[in-house]
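The chain contents come next:
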Amino acid sequence: MVLDPVVMFFIAGFTISLMRVDFKLPSAIYEFLSIMLLITIGLKGGIELSKQHVGDLVGDVGLVLLMGVLIPLIAYPILYLVGRFKRVDAASIAAHYGSVSVGTYAVGVAFLETHHVTYESHMPLYLVVLEIPAIVVGIILAKGITKETNWAEMAQESFLAKSIVLLFVGLFIGWAAGEKIHATLDPFFFAPFKGILALFLLEMGIVAASQVGLLKKYGLFLVAFGIIFPVIAAAVGLEFAHVMGLSLGGALLLMILAASASYIAVPAAVRIALPEANPGLSLTASLGITFPFNVIVGVPLYYKMAEMYLGG
Amino acid sequence: MVLDPVVMFFIAGFTISLMRVDFKLPSAIYEFLSIMLLITIGLKGGIELSKQHVGDLVGDVGLVLLMGVLIPLIAYPILYLVGRFKRVDAASIAAHYGSVSVGTYAVGVAFLETHHVTYESHMPLYLVVLEIPAIVVGIILAKGITKETNWAEMAQESFLAKSIVLLFVGLFIGWAAGEKIHATLDPFFFAPFKGILALFLLEMGIVAASQVGLLKKYGLFLVAFGIIFPVIAAAVGLEFAHVMGLSLGGALLLMILAASASYIAVPAAVRIALPEANPGLSLTASLGITFPFNVIVGVPLYYKMAEMYLGG
Amino acid sequence: MVLDPVVMFFIAGFTISLMRVDFKLPSAIYEFLSIMLLITIGLKGGIELSKQHVGDLVGDVGLVLLMGVLIPLIAYPILYLVGRFKRVDAASIAAHYGSVSVGTYAVGVAFLETHHVTYESHMPLYLVVLEIPAIVVGIILAKGITKETNWAEMAQESFLAKSIVLLFVGLFIGWAAGEKIHATLDPFFFAPFKGILALFLLEMGIVAASQVGLLKKYGLFLVAFGIIFPVIAAAVGLEFAHVMGLSLGGALLLMILAASASYIAVPAAVRIALPEANPGLSLTASLGITFPFNVIVGVPLYYKMAEMYLGG
Amino acid sequence: MVTITKMMMTIITEQNLEKAIIHDLEDLGVKGYTIIEAKGKGGSGIKSGAWMNDSNIQIELILDNALATKIYNFISDTKKYDNYSMMVYLSEVNVLKRHEEN
Amino acid sequence: MVTITKMMMTIITEQNLEKAIIHDLEDLGVKGYTIIEAKGKGGSGIKSGAWMNDSNIQIELILDNALATKIYNFISDTKKYDNYSMMVYLSEVNVLKRHEEN
Amino acid sequence: MVTITKMMMTIITEQNLEKAIIHDLEDLGVKGYTIIEAKGKGGSGIKSGAWMNDSNIQIELILDNALATKIYNFISDTKKYDNYSMMVYLSEVNVLKRHEEN
Ligand SMILES: Nc1ncnc2c1ncn2[C@@H]1O[C@H](COP(=O)(O)O)[C@@H](O)[C@H]1O
Ligand SMILES: Nc1ncnc2c1ncn2[C@@H]1O[C@H](COP(=O)(O)O)[C@@H](O)[C@H]1O
Ligand SMILES: Nc1ncnc2c1ncn2[C@@H]1O[C@H](COP(=O)(O)O)[C@@H](O)[C@H]1O
Ligand code: NA
Ligand code: NA
Ligand code: NA
């Protein structure tokens, strides 16, 4: 199996960080790259959405929401009972894994483009949809349904998180402007997509490697969870893809959404909602273990799984 | 009328800012985008200038200068007598409206490209020319011609303002290198122009919306002025375009130069020259009212006006 | 001789800085541009390397290393005996001139592309190779071979310097992924190369001009050295190119590597290794004199020299 | 020089808490503040400034004793802040020009 | 520890005044300064740091009493500065290593 | 307000020395620090912030007297630092919340 060049950038970043090279992207550039990725993914999805009846998707969106509720409910007992984490920490980690990683999703898109596999156009919509339920489930798991939680503030924190809003802006403009936007925005947004992703992954490799030092602190169970749980979640995603009748490419992306864990939106939201949760724990798992695993091993593995199950 | 996608980005930024989403571009990226716009606009104009005799333009440049003197002289009595602003504030706002907004100009260029309308190549020269006279007129309106004003410092502040210098650098290199520069610089400067403008306008929407809160403070007259005066100024611009014999596209751009108000170069220069002027007043008008009005309503409206008058 | 447009950007930056225009790129953008240049130069070299046996280059790499040792050994006595600099300062300046400037190299690449001259594909490898020996020679010249020097730390400081690592990351990924990477990364890395270089040189012009004020302080000898020594070094480079049997284009690039002086990696390394050296002295020479000289006069001059000697 | 003696409270904390903390501070009566980006190291590890979840902000508040005490009590009493990486210190300054010094 | 007691004057003001203010300060005799980018809120509203016209700088000056007084008088007497968003405060510091401490 | 009196040491120096200085400081026993980007002017010229070799950092250390003295001695005794553009000053602060204050 030959590595995608963008994945090589990730590995390069990971490696130079472990070698203690003193390099990182200026944070303004890191933010710029992620803004570009989010808007472009949104635009792509929006353009495709403009070609179909959005109404037809209501059922499928419901199924995806269900998946977003289910995955943290599977993760929680494993973390709480097997991993023996504190309740609030188990809930927090579960929320991270129920949500998604846009970087991993982008690697999946690049993978499909490299292998010339098509996928359902509205996948970015699911990306947006999946950001929310996991956080809600996580809070309920941690606190029960108490009056204490300021749900309005929570909703504001989550729904209006930067990443969701930028995806949504892209989706909406892509949908409203349709195919013709391609000509206008191609040279800045679409054509450089993989190059932007490559540079983004170089930085993410550096950031992920800086989490590795914390692995000792948090122990072997976390490492095992960060590798095994994504595969379980991917299998759940595959079953949902089957039920929804997705194509091979679409199935891969849904599996990636299931298997990936948030390291941007959820950490920020959980920090406010569950301050007693240890943020290092969940970030190390999602960013230091699961993200590299998914980018390097997971994406091609899930593709194999999908091929076997759906008979690619 | 279908909105240009770049305008949708502006509206998206405006909307998410009003929804209190906590998003803005890193300021380094905002600066980068505006530097790119300024240089590219300059280069475009310079390449075209290289194809004609610059000497032929002397008369027209004089007319444009005259327009730059005239517009603040029309604005001032309205602001002072009708709006009942303090003399220094009326002069300061007048200076803002006599000068130009590069962002609005870029929207006009994108509009013409979308509608496949050509325009006189040397318009960016007028963009540069118009930055200066309004400031001078504004200071004289505020202070009279006193010895107190340090004109040398003023000239330095204005002529050497970042935006003018970058436009000029682009103009000069485009003029010196000519058409052949296109091949070299196309992928970085020219091709992504609209994409860069789109992201720039997303941020400008956010910034403009943050001015909206101040509208209450400054009252209804300012809102009315910020909407009605640009239309008056656009009509003045149209008359000048007629006299100069500009094409439909060139007329639209001259109208936009007339109708738009500065929110970068003039605020900085006026801050030094007229410290007693309230900077919130002029910025709210130019950025919070006139900029959105021009971008969304003004550009197509002025185009209609030009078509009717010049019989496009 | 017509100037390359990218060189015009350099001159423009130089000029506006001398005119005291208050403009510079945000430092995050400056860093971004240099990261892009380094990775792209590395990728280009790596792709070409993938087409040949790396083993065949061992001899040539050895010759280039020799050149990197030789050049500071020529510079040092001139600086120490003729220029009457302190030993540590002479050694520090010699180290700067033994190493290379990636910006100058990129101007050479742009020059060759403009003139449609091909060059050996593995030149970026020499760029990496030349960063090291000059620093080592410089330290030995300054201190002798004492136990005091922490060579391990020095090696870490030098080999793992940001610029070397990024070049190497590009080289490696280009080599591992080969030609096919072009399609993926072209719109972000390769196509905009000259545009990125243009904007980078605008900033470098500004930075270089800000060194000019220090020329008075350091006297005429430094100016003369900064102009004459590069030409000597270029001649040395030409001889090495001849011995190695390089093509005209390859010879120009090796001459540029010889003639250019470091203003990023070496200053940082020498600061740690030779704190008693005056950093202003070497930076003024390499950045304020030699860099502008090479970019504007040197590159075409060396090309003429190569044509005459190699009979282009 | 006519100056007014005030307290200066400096809060160094996680960048992604900015909105929440400013919200709380304004609720407590803060009218003016200054925010500076920072990186650093402390009991909760390194903040390398590489990205948002890994950066600090330094909040500077010029205020009077009463408000300083109020904020101090809030920070001490609120469980929320116990779990945040945060360093708070006070010093005395002499403010020259009166604006909103809280 | 051998230290010299000096004043530290901190000026928080609008970013686009940087050139003008540094010019004035150097005219008054300032030889050394440090500038940090900031955002903030005060009597003249929010400076969100989004763009240049909406950002602050924090200027730190280590100086002696005489120069501090001179700057104070200049700021008080010059109409210009009255209209600028600006916060100035003083404290005492002990400088370890002598360079240009004004 | 229960506070602990500590020293605050501020070091303003060249950005490209960051790694080396933090290394030295940690060797001396520093457990916590804050770093802020800065530009400025001093005896060794202007640091315009345009690029890395031309920028400053401001390092802030909250520490006790013993550690401050140790660092001071290190800076005074080490030839290395004599050649670096560097400004160091001390003041007193009252730390509210205990973390790693060195
Ligand atoms: N001793 C110290 N001196 C200066 N800054 C500190 C110190 N301890 C902590 N900090 C800063 O406060 C932040 C939060 O501290 P902590 O909660 O201890 O992790 C750190 O990231 C540092 O920026
Ligand atoms: N009480 C305060 N505490 C800290 N910083 C302040 C305070 N008041 C004002 N500032 C800062 O000084 C700047 C100018 O203040 P003002 O002139 O009051 O708008 C603000 O944008 C803040 O950054
Ligand atoms: N008097 C001063 N007040 C404030 N900052 C200073 C002063 N002198 C020097 N600095 C800062 O310390 C840095 C190094 O100073 P120096 O070693 O004197 O060049 C300068 O670039 C300034 O940022
Ligand atoms: Na997931
Ligand atoms: Na106008
Ligand atoms: Na060299």
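All values derive from a computational prediction rather than experimental measurement.

Enquirer: How would you summarise the overall build of chain D if you had to cite specific residues and measurements?
Expert: A count of helical and extended segments in chain D gives 3 helices and 5 strands. Counted from the first residue to the last, chain D has its helices and strands arranged as β-α-β-β-β-α-α-β. Scaling as 2.2 N^0.38, a compact globule of 102 residues should have a C-alpha radius of gyration of about 13 Å, and chain D matches this with 14 Å. For the C-alpha atoms alone, the extent of chain D along its principal axes is close to 40 × 30 × 20 Å. Within chain D, the fraction of its 102 residues that count as buried is 62%. A separation of at least 24 residues holds for 77% of the contacts in chain D among residues at least 6 apart in sequence.

Enquirer: Lay out the site of ligand 1 in plain terms, naming residues and giving numbers.
Expert: Near ligand 1 you find 22 residues, and of these Gly 43, Ser 44 and Asn 56 of chain D together with Thr 34 and Ile 62 of chain F are the closest. Ligand 1 is flanked by residues contributed from chains D and F. Between Asn 56 of chain D and ligand 1, the recorded distance is 2.7 Å, taken from a side-chain N or O atom to an oxygen atom. In this structure, Met 86 of chain D approaches ligand 1 through a main-chain N or O atom, which is 2.9 Å from an oxygen atom.

Enquirer: Residue-level account of the interface of chain A and chain C, with values.
Expert: Listed as interface residues are 25 residues of chain A and, on the opposing side, 24 residues of chain C. Note on chain A versus chain C: buried area summed over both sides is about 2000 Å², and carbon and sulfur give 88% of it. In this structure, the connection of chain A to chain C is made through 0 salt bridges. Taken together, the connections running from chain A to chain C amount to 0 residue pairs in polar contact (both at pLDDT 80 or more). For the side of chain A that touches chain C, the secondary structure elements donating two or more residues are helix H1 (5-18), helix H2 (27-49) and helix H11 (193-212) of chain A. Considering every element that reaches the side of chain A that touches chain C, the biggest residue donor is H11 of chain A, with 6 residues. For the side of chain A that touches chain C, a count of residues per class yields 20 nonpolar, 1 polar and 4 charged.

Enquirer: Could you give an account of the coordination of the sodium ion (ligand 5), with specific residues and numbers?
Expert: Residue and element names in this part refer to chain B. Those donors, Tyr 97 (O), Ser 99 (O), Leu 257 (O), Ala 258 (O) and Ser 260 (O), are the protein atoms that reach the sodium ion (ligand 5), and they lie 2.4 to 2.7 Å from it. Expressed as a motif, the donor residue spacing for the sodium ion (ligand 5) is Y-x1-S-x157-L-A-x1-S. Of this pair, Ser 99 sits in the loop between helix H4 (87-98) and helix H5 (102-114) while Ala 258 sits in helix H14 (residues 248-259), and the two are 159 residues apart along the sequence. Accessibility classification places Ser 99 together with Ala 258 in one group, the buried group.

Enquirer: Tell me about helix H15 (residues 265-273) of chain C, and name the residues and values.
Expert: Taken across its 9 residues, H15 of chain C has 9 buried, putting it largely inside the fold. Buried within H15 of chain C are the following residues: Ala 265, Val 266, Pro 267, Ala 268, Ala 269, Val 270, Arg 271, Ile 272 and Ala 273 of chain C.

Enquirer: Help me get a handle on the coordination of the sodium ion (ligand 4), residues and values and all.
Expert: Residue and element names in this part refer to chain A. The protein atoms that coordinate the sodium ion (ligand 4) are Tyr 97 (O), Ser 99 (O), Leu 257 (O), Ala 258 (O) and Ser 260 (O), at distances spanning 2.4 to 2.7 Å. As a motif over one chain, the donors of the sodium ion (ligand 4) read Y-x1-S-x157-L-A-x1-S. Its relative accessible area of 0% is what places Leu 257 among the buried residues. Classification of Ala 258 by relative accessible area gives buried; the value is 1%.

Enquirer: Explain the site of ligand 2 to me, and be specific about the residues and the numbers.
Expert: Taken together, 22 residues are adjacent to ligand 2, and Thr 34 and Ile 62 of chain D together with Gly 43, Ser 44 and Asn 56 of chain E come closest. More than one chain approaches ligand 2, the contributing ones being chains D and E. Contacts to ligand 2 include Tyr 33 of chain D, whose backbone N or O atom sits 3.3 Å from an oxygen atom. For ligand 2, the protein covers 100% of the area, taking 480 Å² as the surface of the free molecule.

Enquirer: So what about the relation of the copies chain E and chain D? Which residues, and what values?
Expert: With an RMSD of 0.0 Å, the operation that places chain E on chain D is a rotation of 120 degrees combined with a shift of 0.0 Å along the axis. Between the two chains, the operation in question is that of a three-fold axis. Counting the interface residues of chain E, we find that no more than 4% of their copies in chain D are interface residues as well, pointing to two distinct contact surfaces.

Enquirer: A description of unusual backbone geometry should follow, citing residues and the corresponding values.
Expert: The phi dihedral of His 116 of chain A is positive, around 55 degrees, even though this residue is not glycine. Within the secondary structure, His 116 of chain A is located in the loop between helix H5 (102-114) and helix H6 (123-130).

Enquirer: Before we move on, could you go through the confidence of the model for chain D and cite the residues and values that matter?
Expert: Low-pLDDT stretches of the model should not have their predicted coordinates read in fine detail. Residues and elements named next belong to chain D. Averaged over all residues, the pLDDT of chain D is 88; the fraction at 70 or higher stands at 91%. Here helix H3 (residues 79-82) stands out as the least confident element of chain D, with mean pLDDT 73; strand E4 (residues 56-63) is the most confident, with 97. With pTM at 0.93, the complex prediction returns an ipTM value of 0.92.

Enquirer: Which residues make up the environment of Leu 37 of chain A, and what are the values?
Expert: Residues and elements named next belong to chain A. By secondary structure assignment, the location of Leu 37 is in helix H2. You can call Leu 37 buried: its relative accessible area is 2%. As for Leu 37 and Val 61, which are separated by 24 residues in sequence, their C-alpha atoms are 23 Å apart. Apart from the residues lying within four places of it in its own chain, the contact partners of Leu 37 are Phe 193, Ile 196, Leu 197 and Phe 200.

Enquirer: Provide a residue-level description of the packing of aromatic side chains, including the pertinent values.
Expert: Enumeration over the complete set of coordinates arrives at 45 aromatic pairs over all chains. When the ring of Tyr 30 of chain A is compared with that of Phe 200 of chain A, the centres are 5.6 Å apart and the planes differ by 15 degrees; the resulting orientation is stacked. One end of the pair, Tyr 30 of chain A, is in helix H2; the other, Phe 200 of chain A, is in helix H11, and 170 residues separate them in sequence. Judged by relative accessible area, which is 4%, Tyr 30 of chain A ranks as buried. Linked through ring pairs, Phe 85, Tyr 97, Phe 221, Phe 225 and Phe 229 of chain A together constitute an aromatic cluster. Seen from the ring of Phe 193 of chain C, Lys 44 of chain C lies directly overhead, with NZ or CZ sitting 4.3 Å from the centre.

Enquirer: Tell me about the interface of chain E and chain D, residues and numbers included.
Expert: On the chain D side, the residues contacting the 25 residues of chain E number 22 residues. When chain E packs against chain D, close to 2000 Å² is buried across both sides, 61% of that on carbon and sulfur atoms. Inspection of the region where chain E meets chain D yields 2 salt bridges. The tally of links between chain E and chain D comes to 8 residue pairs in polar contact (both at pLDDT 80 or more). Within the residue set of the side of chain E that touches chain D, elements represented by two or more residues are strand E1 (4-14), strand E2 (33-42), helix H2 (65-77), helix H3 (79-82) and strand E5 (86-95) of chain E. Element by element, the count of residues in the side of chain E that touches chain D is highest for E2 of chain E, at 7 residues. Across the side of chain E that touches chain D, the residue classes tally to 14 nonpolar, 7 polar and 4 charged. Note that strand E5 (residues 86-95) of chain D and E5 of chain E share 2 bridges and pair antiparallel. Along E5 of chain E, the bridge assignment pairs Val 95 of chain D with Tyr 89 of chain E.

Enquirer: Break down the arrangement of the chains for me, citing the residues and quoting the values.
Expert: One finds no contact between chain C and chain D; the C-alpha atoms of the two approach each other to within 12 Å at their closest. At the C-alpha level, the nearest point of chain B lies 12 Å from chain F, with no contact between them.

Definitions and limits used
Residues numbered from 1 in each chain as written. Chains lettered and ligands numbered in written order. Predicted model: local features only at pLDDT ≥ 70, side-chain atom pairs only at ≥ 80, totals over all residues. Heavy atoms only, no water. Helix = DSSP H or I, 4+ residues; strand = E, 2+ residues; numbered from the N terminus. Rg over C-alpha atoms; globule rule 2.2 N^0.38 Å. Buried < 20%, exposed > 50% of the residue type's maximum accessible area, 1.4 Å probe, protein only. Contact = heavy atoms within 4.5 Å. Near = heavy atom within 4 Å. Polar contact = N/O pair within 3.5 Å; in protein donor to acceptor, adjacent residues only side chain to side chain. Buried area = accessible area lost by both parts, 1.4 Å probe. Salt bridge = Lys/Arg side-chain N within 4 Å of Asp/Glu carboxyl O. Nonpolar A, V, L, I, M, F, W, Y, C, P; charged D, E, K, R; others polar. Donors = N, O, S within 2.8 Å, 3.2 Å for Na, K, Ca; no water. Areas by Shrake-Rupley, 256 points an atom, 1.4 Å probe, with all protein chains shown as cover. Least-squares fit on C-alpha atoms with pLDDT ≥ 70 in both. pLDDT = per-residue confidence, 0-100. Phe/Tyr/Trp six-rings, centres within 6.5 Å; stacked < 30°, edge-to-face > 60°. Lys NZ or Arg CZ within 6 Å of the ring centre and 35° of its normal. Pairing = 2+ DSSP bridges.

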